[in-house]
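# Tertiary structure, described
Next come the chains, spelled out residue by residue.
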Amino acid sequence: MDIPFAINSYLSRSRPISQQRLVNGYVEKTQEGAKSQIPVFNTPGIKAWTTVGDGPIRGAAVFKGKIYVVSGTELYAVDSGGLSSLVGDIPGAERCTMAVGNFLVIQTETFAYYTGGAGTLPVADPDFQGASSVAWLGGYYIYPKPNTDVFYVSQAEAPSDIDAFDYASAEAMPDNIVTSIVDHNDLILFGDQVTEIWALRGGTFPFIRLQNGVLEYGCAAKHSPAKLDNSVFWLSNDKSVRVLRDNIPQRVSTDVMDTAFEGYGKIDDAIGISMVIDGRATYTLIFPTEGKTWQFSVNTGLWNELESYNIGRWRVDGYINYQGKHLVWDATTNRLGELDKDVYTEWGEQVVWTATSAPVVNGNKWLFHNSLYLDFETGDTSVVDAVTGDDRGAALMIRWSDDAKNWGPAYQRYLGRVGEYSERVSINQSLGRAKNRVYEISISDPVRRRFIAAEGDISPGGY
């Protein structure tokens, strides 16, 4: 019989119902007639690209053909060769938001700084009252006033020229503006409890709220909104992930995920990252304090997880597409790296790919598991054994649980060496009996992971 392995991370509160997890891998749907309709591939690894300043990196944006990176308390311009030059100072230690127009504006907690490419200056207009974020639309820099429903705008392409009368209130509900983002020429103001959509109109005050521009969902984490697939994703105040399409908010997280978020001790530091790599569009939601990372694939509508070795969460803190390079920065250092589907480590550190099956059941009857067969794409990579020096296929670990709580010992098998394209991973021995069995397979060797299908020689028994 076919054994359905995880195509979606679905770790239920009741483990006998489901322990499915897909970590550092994702499903790619295939055409009808393929050997597998839902093969599992590895997510991209990270290769070193450059380092910037002393770190940690607090934010980055493309401006005037270069990457401008806040590293530590300094702003650097990084060229296409990875060479960096100091631009100026950006005090503070918190994560930054950035807005690009004729100037680059960098918001840090409640302060803001700007640059035209040489040196940095504070936004020091007497009417500047701090900012919880910064956005740019139609030549105007938009600053929400911290801990209020008020936002104000600069003069056109003048980030530090602010008129005391150029402000408005997002007052559909008396809550605070958490952050802002621009999408489809609209200004989206995320509040604690509601979200408002404003449009550019020109005139004395350049923005007006859309007639139906009030959404009954707020934002739980100021750095969670991200644009992707002509939409905006964010972590809602109801502790679900939502996407705004055509000004309609839709939930994309699962009940199980929402329950998990409900149990997290801290969610307001969550970071949202959008990426499109090799045609796969994803929204990644990182919970730094909780050490968890979830990734949503727009292509399939399925979720997987990302984990960095010995860290828990994915070690990445941000992403930027620069001249065809998919660049990310490390959460705790000054490293910029490049995502690459043909790299199977993260800055040289191992990545563990894991897939956990759905429960194998037949009502409440015993099933005898006589053997297990796993089909991978093999024969491309050999691994040199660190102990014996032998050239072998990559190691695959297999274990299982029959009670949804305890796992048995892991069995080690090998993928084929170079040229062994028909190699099949198997355990040809009795695996015992169970009423509710879950299999888990994992690979940590730095090789390509393309999992096609799983089968078991399984026969029914009595009650």
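Below you will find a few notes about this structure. From a predicted model like this one, the values you see are computed outputs, not experimental measurements.

## Considering the overall build of the chain
On a plain count of helices and strands, the chain comes out with one helix and 45 strands. Projecting the C-alpha coordinates of the chain onto the three principal axes gives extents of approximately 80 × 45 × 40 Å. In the chain, buried positions account for 54% of the 463 residues. Within the chain, contacts between residues at least 6 apart in sequence are counted, and of these 55% link residues at least 24 apart. Split by element, the accessible area of the chain, about 19,800 Å² in all, is 47% carbon and sulfur. Taking the 40 positively charged and 56 negatively charged side chains of the chain as two groups, their mean positions are separated by 7 Å.

## Brief notes about the sheet that holds strand E7 (residues 57-63)
Taking strand neighbours across the sheet as the criterion, the four strands line up as E7-E8-E9-E10 in an open arrangement whose pairing is antiparallel. Each having just a single partner strand, E7 and strand E10 (84-89) make up the two edges of the open sheet. Across the sheet, the mean angle separating the axes of adjacent strands is 25° when strand polarity is ignored. Pairing analysis gives five bridges linking strand E9 (residues 74-78) to E10, with the strands arranged antiparallel. Bridge assignment links Ala-77 to a residue of E10, and that residue is Ser-85.

## Digging into the layout of surface pockets
Taken as a whole, the largest pocket holds about 1,000 Å³ of empty space. If you trace the largest pocket, you find 31 residues lining it, with Ala-60, Met-98, Ile-181, Pro-225 and Ala-226 closest to the centre. Secondary structure elements with two or more residues in the lining of the largest pocket: E7, strand E11 (96-100), strand E15 (135-137), strand E19 (177-183), strand E23 (226-228), strand E27 (271-277) and strand E31 (316-322). For the lining of the largest pocket, the element with the highest residue contribution is E11, accounting for five residues. Considered class by class, the residues forming the lining of the largest pocket number 18 nonpolar, ten polar and three charged. Forming the walls of the second largest pocket are 24 residues, and the residues nearest its centre are Glu-94, Glu-109, Lys-222, His-223 and Asp-268. Among the residues making up the lining of the second largest pocket, the classes are represented as ten nonpolar, five polar and nine charged.

## A short note on the sheet that holds E23
The strand order across the open sheet built from four strands is E23-E24-E25-E26, with neighbouring strands paired in antiparallel fashion. Edge positions in the open sheet fall to E23 and strand E26 (248-251), since each of these has one partner strand only. Ignoring strand direction, the axes of neighbouring strands in this sheet form an average angle of 30°. Examined bridge by bridge, E23 and strand E24 (residues 231-235) share three bridges and lie antiparallel to one another. Looking across to E24, one finds that Ala-226 is bridged to Phe-233.

## Points about the side chain of Asn-24
Mapping Asn-24 onto the fold places it in the loop between strand E3 (22-23) and strand E4 (25-27). One polar contact links the side chain of Asn-24 to the main-chain amide nitrogen of Glu-307, over a distance of 3.0 Å. With residues near it in sequence (within four places) discarded, Asn-24 still touches Phe-41, Asn-42, Thr-43, Glu-305, Leu-306, Glu-307, Val-351, Val-352 and Trp-353.

## Some remarks on the packing of aromatic side chains
Counted under the stated rule, the structure contains 24 aromatic pairs. A ring pair is formed by Phe-63 and Tyr-68, whose centres lie 5.4 Å apart and whose planes are at 70°; its orientation type is edge-to-face. The exposure classification of Phe-63 matches that of Tyr-68, with both residues buried. On the numbers, 6.1 Å between centres and 80° between planes, the contact of Trp-353 with Phe-451 is edge-to-face. With Trp-353 in strand E36 (residues 353-356) and Phe-451 in strand E45 (residues 450-460), this residue pair connects regions lying 98 residues apart in the sequence. Of the two residues, Trp-353 and Phe-451, neither departs from the other in class, the shared state being buried. The ring centre of Tyr-26 lies 3.9 Å from the NZ or CZ of Arg-280, which sits over that ring.

## Notes on the pairing of E26
As a general feature of sheets, a regular strand has side chains that alternate between the two faces. Here strand E25 (residues 241-245) pairs with E26 via four bridges, running antiparallel. By the bridge assignment for E26, Leu-244 is matched with Pro-249.

Rules of the game
Residues numbered from 1 in each chain as written. Predicted model: local features only at pLDDT ≥ 70, side-chain atom pairs only at ≥ 80, totals over all residues. Heavy atoms only, no water. Helix = DSSP H or I, 4+ residues; strand = E, 2+ residues; numbered from the N terminus. Buried < 20%, exposed > 50% of the residue type's maximum accessible area, 1.4 Å probe, protein only. Contact = heavy atoms within 4.5 Å. Areas by Shrake-Rupley, 256 points an atom, 1.4 Å probe, with all protein chains shown as cover. Lys, Arg positive; Asp, Glu negative; His and termini not counted. Charge placed at Lys NZ, Arg CZ, Asp CG, Glu CD. Pairing = 2+ DSSP bridges. Axes fitted to C-alpha atoms, helices over the stretch in contact; angles between N-to-C directions. 1 Å grid on protein atoms, 1.4 Å probe; cavity = no way out; pocket = protein on both sides within 12 Å on 5 of 7 lines; lining within 4 Å. Points joined across faces, edges and corners; volume = space filled by probe spheres on them. Nonpolar A, V, L, I, M, F, W, Y, C, P; charged D, E, K, R; others polar. Polar contact = N/O pair within 3.5 Å; in protein donor to acceptor, adjacent residues only side chain to side chain. Phe/Tyr/Trp six-rings, centres within 6.5 Å; stacked < 30°, edge-to-face > 60°. Lys NZ or Arg CZ within 6 Å of the ring centre and 35° of its normal.

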